[in-house]
Amino acid sequence: PSLFVIHMPVDNSESQVGISVAQRLARKLASLPQVEAVVISGSRKSEFADLRSDIDLYVYLTDDIPLDVRANIAAGSPRVEIGNATWEPGDEWIDADTGTSVDVMYRHRRWMEEQLDRVLVHHQASVGYSTCFWYNVLHSRALFDRSGWFAGLQQRASQPYSRELRQAILAKNYPLLRRNQSSYLHQIELAVERKDPVSLNDRVAALLASYFDVLFALNELPHPGEKRLIQHAKARCSKLPHNMERHVIELMGSVGKRDGGTAAKVNALLDGLDELLLREEMVPQERR
C-alpha cells in the first residue's frame, strides 16, 4: 500500500511551514504514475538545519517525467528553474505561498540501487564522498512510498559498516593526501610557489574532501555530504584527530593570504590524522 507520512516532528513554526510545503508537493508528485517514492532529506532533515535550509525532495522514478509536467508542479513560483542537470536531474523554485526554497531531485530506482551496491556489496571507494548516497538513503524520510520499495531500500541500507569498505576508502584517499608524488600537498606547494590562488583553493578543497572521507570511514560512519562537516564529525565521530577543528579552520584561513603558510597548515592537519590512524593501526605499512 502507498504510504503518506502526515505527522512529522517539528521544532518551530519555520520547520512546520517547510514540512507543510514538502507534504503538499509530495501529494502532487504521487499522482504521477512514474513516481515510486518521494522522500525528504538534506538540510531540513539534518539536526544542523537553520532558517536558510531549503527543502530537499528526492523523487524516485520508474520512468522520466516530462519537463512540462515538472514545470506545472512549480507553477506560480516567482522564480523557477526546470531541468537542471549540473549534478543530478532536478528542479528548483521558490514556493509562491511561503517563500520557501525547494530543490527537487529525480532519481531512477535502479540507479540508486546501484549506488548502494557499489559501496555495500562491491566495497568501491571514490575520491572523496565515497558513502554519501548511503547516508542520504539512511537519513531520508518517506512522504510517499507507493509499493514499499523505499522502505525496503532503507532496510537494505541499515547494515553495519564493513571492514572491506573502510579499507578501500582509506587505500584510495589516504595516499592522495601527501604520500603520492602527485599528492594534494605537493600540488598545494606548487600552487603556492606559482602564486596561483585559484589552484590553491581547488587543491585545498580536494584535500579536505579526501580527509573527511578517511575520517568518517575510520569511524565506520557513512559520509554526510559537503555541508557542516566539522559539526557532523564532532557530533558523531568517537575517533577524532587532536585539535581537528582548529587545524581545519586555520588551513582554510590561510588560503588566499600572502605567506599564509598553507603547506605548513596542511602538514599540521595531516599529522593529527596520521597520529590517529597509527593509534588505530590503520596506516598503510610503508607510512609507519
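Our structure is the block above this text.
Draft legend 1. Fine view of the side chain of S41. Tracing the backbone shows S41 in strand β1 (residues 35-41). A residue is classified by how much of its surface remains accessible, and S41, at 4% relative accessible area, is buried. At 3.3 Å, the side chain of S41 forms a polar contact with the side chain of N136. Within the structure, S41 has its side chain in polar contact with the side chain of S140 (distance 3.3 Å).

Draft legend 2. How the structure looks around the sheet that holds β1. Taken together, six strands build an open sheet; the order of strands is β3-β4-β5-β2-β1-β6 and the sheet is mixed. Each of the sheet's edge strands pairs with one partner strand only, and the pair in question is β3 (80-84) and β6 (141-145). Across the sheet, the mean angle separating the axes of adjacent strands is 15° when strand polarity is ignored. Pairing analysis gives six bridges linking β1 to strand β2 (residues 55-61), with the strands arranged antiparallel. Bridge assignment links A37 to a residue of β2, and that residue is Y60. The strands touched by helix α3 (residues 109-120) within the sheet are β1, β2 and β5 (101-108), with β5 carrying the most contacts at an inclination of about 85°.

Draft legend 3. Just the nonpolar core, in detail. Core analysis: the largest hydrophobic core is formed by 57 residues, its most contacted members being Y60, F150, L207, Y211, F212 and L277. With twelve residues, helix α8 (residues 197-218) is the largest single contributor of residues to this core. Contact partners of F150, with chain neighbours within four places excluded, come to A37, V39, Y60, V137, S140, A142 and D145. Among the nonpolar cores identified, the runner-up in size contains 23 residues, and V21, V38, I40 and L57 belong to it.

Draft legend 4. Main features of the pairing of β2. With seven of its seven residues buried, β2 lies for the most part within the structure. Side chains of β2 alternate between two faces, with I55, L57, V59 and L61 and D56, Y58 and Y60 buried alike. Looking at chain direction, β2 and β5 are connected through seven bridges and run parallel. Residue pairing for β5: Y58 is matched across the bridge by M105.

Draft legend 5. Quick peek at the packing of helix α9 (residues 229-236) against helix α10 (residues 244-254). Packing of α9 against α10 leaves a shortest axis separation of 11 Å and a crossing angle of 170°. Judged by the inter-axis angle, α9 sits roughly antiparallel to α10. Contacts between α9 and α10 involve I230, A233 and K234 from the former and M244, E245, V248 and I249 from the latter. Grouping the constituent residues of the contact of α9 with α10 by class yields five nonpolar, no polar and two charged.

Rules of the game
Residues numbered from 1 in each chain as written. Predicted model: local features only at pLDDT ≥ 70, side-chain atom pairs only at ≥ 80, totals over all residues. Heavy atoms only, no water. Helix = DSSP H or I, 4+ residues; strand = E, 2+ residues; numbered from the N terminus. Buried < 20%, exposed > 50% of the residue type's maximum accessible area, 1.4 Å probe, protein only. Polar contact = N/O pair within 3.5 Å; in protein donor to acceptor, adjacent residues only side chain to side chain. Pairing = 2+ DSSP bridges. Axes fitted to C-alpha atoms, helices over the stretch in contact; angles between N-to-C directions. Contact = heavy atoms within 4.5 Å. Core = buried A, V, L, I, M, F, W, Y, C linked by side-chain atoms within 4.5 Å. Parallel < 35°, antiparallel > 145°, perpendicular 65-115°, else oblique. Nonpolar A, V, L, I, M, F, W, Y, C, P; charged D, E, K, R; others polar.

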